[in-house]
Structures are given as C-alpha cells and as structure tokens.
Amino acid sequence: MASGKKKNVVTSYLNKVNIKKTSNLGQILTDTYGAEGARNLFAAFDAIEMKKDIDHVNDRYDFIHSDFDFSMLMTCFQDADIIRNTCAWLNSIRKQFGKTVLDIGCGNGIITCFLASILPESTFLAVDASANAITIAKEIRSRLGLENIVFMNSDYTKLAGKQFDTVLALRVLDENCSLEKCRFQAFSEQLETRKKQYNTQLNLLSDLVAPAGNLIIMDMDKNDTSSLAMLDLLRERSMVLTKFQFLSCREGDMKYDDLYTAFVAEKTPAPVTYARLFSQWSSIYFAGAGNEGYKDSEADFMLELCEAGARKGYATFHPVTKEKTGMFFICDYKDREDFFILYQKNQSFSRLGIYPIAQKPEAEKLLAEDRQQDEAARFVTIDIN
Ligand SMILES: C[S@@+](CC[C@H](N)C(=O)[O-])C[C@H]1O[C@@H](n2cnc3c(N)ncnc32)[C@H](O)[C@@H]1O
C-alpha cells in the first residue's frame, strides 16, 4: 500500500473535496434535507432500484448526482473507502500514466480530479453516460481550479478512432456486461463464460489504448474467474499485466469488506506466439544461461523477442560465464521503427520490455557499462539475417 507521504497527498485531497466516510445515510440526509426530504429521497431511490428496464443504470446515476450536495453525500456513504484506496493505489503507480488519459465512467469525477491534480502535465478526457454526473464533475473541477480535464457526457462505447496513453475503467466494466451467475460452473467453463461476457468491452478498451500505453482496470472481485478472464482477453490483444493489486474496502453500513481487483495492462505493439522460433533461439542462445523458470507471461514476451530478432536487425550477445551471469540483449522490433526490445537477465531476475525508441540510447549505455564491468567476457554481435 501507499507510503505515508503518498497517503498524505490523498488525505489532503479528500479533505479539500470534503469526502469522508459515513455509515449513516439516514442521518446525513435528515440533517441536510429534513425528515420528510430524506424519506422522499429514499422512496425515489427505491423506485429506481425496482426498475428492470435497460435505462435503470443511467437513471440510478442521474438520480445520485441530481444535485451537488446529494452527490457528495452519496459518495461519502457509498464510495469513500474505495475512493481513498483507489487514489492511494493510483498515486503509487502515477509514473505509469502517459500524457493523454481517458477515464471512462468517471461518475462525479472525484478520482479524475485527484489524478489531474497530481499529474498536471497530463491532459484528461473523462466521460460518463449520466449527464448529471458530468454536471457535478464540472463543478468539482472548477472549485479545484483544474484546467487539464475535459468532462463529457457520453457513452464510452461510442468513443472510437482516438487513442490515449492511459485508459482508466474504474468500476464500470461490470455495468456494461450482462454478468450472469456462473459460480457453479467448472473452472474452465466459467472462464469461457466470463470471457464471452467481457469480450466486447475489452475489444473496445484495448483499441482505445495507444501502443505502449496502459489500460487500468478496477472492478469488484466476484471471487470467481472474472479477473482471469479479463487478463486472458487482454493478453490475446497483446496487452500484458504489469501491476496487480487487491483493494479491500467497507462502505456505508456494510458489515464486511468488499474486495476489488485493480490492475495495469500494458499494450505491447506486437502479436504473440512463434513457438518454433522460440525453441530454436532458446536452445542456441540461452543454453547454459539459466533460462529455466520463465513464467508463462515471460515466455510470451520471449516469443516476441525471438521473432523480432530472427526477422530483423541484430542482437548483441553477452555470453554467460560462470563468474558473471549478467546479460543484456537489445533488439530492433520487427517492422517497427518506433520501438526496440531490451531483455535483461542475471541470476536473480529477468526483465523483458518493449520500449519507445527514444530510450534506446540509454539502453545502449547500460549495455556498454555491463560490457566494461566484465572485461574478460567475450562480446559477440550476431547479425541474425
Ligand atoms: C460505480 S460508478 C464509478 C465512478 C468512478 N469511475 C469511480 O470509480 O468512482 C460507474 C459510472 O459509470 C458510468 N457508466 C456506466 N456505463 C457507462 C458507459 N457505457 N459509458 C459511460 N459511462 C458509463 C455510470 O454512469 C457511473 O457514473
């Protein structure tokens, strides 16, 4: 979880926007609207929750955000804990945000405004299907004097053709899937069911992320294969998990914590799977390098590395000796000028990434330093073609 310093950023922001946890909605509504006003609000909310038609979700959020005070009170009751935890987590991964950020289903924008305040160099587009939520979000933005967010009343499924460095989907995907219960299905069957349910959303979302950008998802953990299904679908779309976190929170008058999963998936610019090349490469170049113990996700990356190396460009090979096991590869990315691959491995870790070409000089410097450190090592530059 976040450090003390990071927590302060969150706490001072939440104090500024007056979000504090409350567990007695009846009391705060009565204090604000009087006993009859509170009763009317409860009755109106119940009537909306009873609806079964397709507009139900939109009606609910339009109601919750029907005026500024009510929106903030409901947020304090329903969301204070998750907002605090989410802001702390997002703060801890702030370096993974790019210059352009899209927040889909931003609600009244409390989290978007937090991000915009800690990331002043980024510009944000935040959309919500509820017009009322967007009105409140604009009010919060102007109270905070933020100039780097555009709030827009829109269904996110209608956004197309544009890409963003970072896309956020916080507590919104489940509302856009008809998640039938599948708890009693066998694991593999359940996974397939969930994949079908999330498929359209994740197609859309992965299209909205620019190459090398990040998709950040946070949703209720349903204690089943939902998160796994999302991750499988993302991997099939060349998106790779880089962060995963459980967020636990207790809202309103709940007796138990809810668990949320939050993760970051990075969009790599290539398709996967060239098993044959992988095995050729691994047998030639990784023999004796201690290549055992790759996780599956690394193996997929490896396949891409091999393909890139085999098809185009060069790899610089630093042979592994008994004394020193440091090793770097820098490869051009196949058919792409804007990315390169850096693979780094030593006895205790391996790291493989696809990086923007601008970072290549830095990687080459690293490689040169490694070479200097081990004068005895033979250096071989292999022209793959
Ligand atoms: C539970 S709230 C989450 C708000 C905010 N992201 C957060 O985590 O605090 C879900 C929001 O998603 C919005 N929403 C649901 N489906 C949407 C869609 N297809 N396009 C845009 N907004 C949507 C709802 O109007 C609601 O404001």
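It should be noted that the structure appears before, not after, this text.
The shown structure was predicted, so the numbers you read here are calculated from the model rather than taken from an experiment.

About the thresholds
- Residues numbered from 1 in each chain as written.
- Predicted model: local features only at pLDDT ≥ 70, side-chain atom pairs only at ≥ 80, totals over all residues.
- Helix = DSSP H or I, 4+ residues; strand = E, 2+ residues; numbered from the N terminus.
- Buried ≥ 20, exposed ≤ 12 C-beta atoms within 10 Å, placed from the backbone.
- Contact = placed C-beta atoms within 7 Å.
- Pairing = 2+ DSSP bridges.
- Axes fitted to C-alpha atoms, helices over the stretch in contact; angles between N-to-C directions.
- Core = buried A, V, L, I, M, F, W, Y, C linked by C-beta atoms within 7 Å.
- Expected span 1.5 Å × (residues − 1).
- Bend = angle between axes of the 7 residues up to and from the residue.

A.B. asks: Got a minute to help me understand the overall build of the protein chain in this structure?
C.D. replies: From N to C terminus, the protein chain includes twelve helices and twelve strands. Taking all 385 residues of the protein chain together, 34% fall into the buried category. When contacts within the protein chain are restricted to residue pairs at least 6 apart in sequence, those whose partners lie at least 24 apart make up 71%.

A.B. asks: What is the right way to read unusual backbone geometry from this model?
C.D. replies: The backbone of Arg171 shows a phi angle near 55 degrees, a positive value even though the residue is not glycine. Tracing the backbone through its elements, the reader meets Arg171 in the loop between β4 (164-170) and α8 (187-208). Taking the number of C-beta atoms within 10 Å as the measure of exposure, Arg171 has 17 and is therefore partly exposed. With phi around 70 degrees, Ala212 is a residue other than glycine that occupies positive phi space. With respect to the helices and strands, Ala212 occurs in strand β5 (residues 209-220). With 17 C-beta atoms packed within 10 Å, Ala212 lands in the partly exposed category.

A.B. asks: What is the right way to read the sheet that holds strand β7 (residues 258-267) from this model?
C.D. replies: What holds strands together in a sheet is hydrogen bonding between their backbones, with the strands either parallel or antiparallel. Judged by pairing direction, the sheet is mixed, and its seven strands sit side by side in the order β3-β2-β1-β4-β5-β7-β6 without closing on themselves. Each of the sheet's edge strands pairs with one partner strand only, and the pair in question is β3 (149-153) and β6 (239-249). On average, adjacent strands in this sheet sit at an angle of 15 degrees to one another, irrespective of strand direction. In the sheet, strand β1 (residues 100-104) pairs with strand β2 (residues 123-128) via five bridges, with the strands oriented parallel. Bridging from a neighbouring strand, Val101 pairs with Phe124 of β2.

A.B. asks: Can you walk me through the nonpolar core in this structure?
C.D. replies: Counting 68 residues, the largest nonpolar core has Val167 and Ala169 as its most contacted members. The contacts of Val167, once residues within four sequence positions are left out, are Leu102, Leu205, Leu208, Val209 and Leu215.

A.B. asks: In this structure, what is going on with α8? I would like to understand it.
C.D. replies: Turn by turn, an α-helix covers 3.6 residues, leaving residues three or four places apart pointing in a common direction. Taking 1.5 Å per residue as the helical rise, α8 with its 22 residues ought to reach 32 Å, and the 30 Å between its terminal C-alpha atoms agrees with that figure. The principal kink in α8, of about 50 degrees, is found at Asn199. Arg194, Gln197, Tyr198, Gln201, Leu202, Leu205 and Leu208 are the residues of α8 that are buried. For α8, the elements touching its buried residues are β1, β4, β5 and α9 (226-236).

A.B. asks: Teacher, can you tell me more about helix α4 (residues 68-78) here?
C.D. replies: Within the sequence span of α4, burial applies to Ser71, Met72, Leu73, Met74, Thr75 and Cys76. Turning to α4, the residues buried within the fold contact α2 (25-50), α3 (56-64), α5 (80-92), α6 (110-118) and α7 (131-144).

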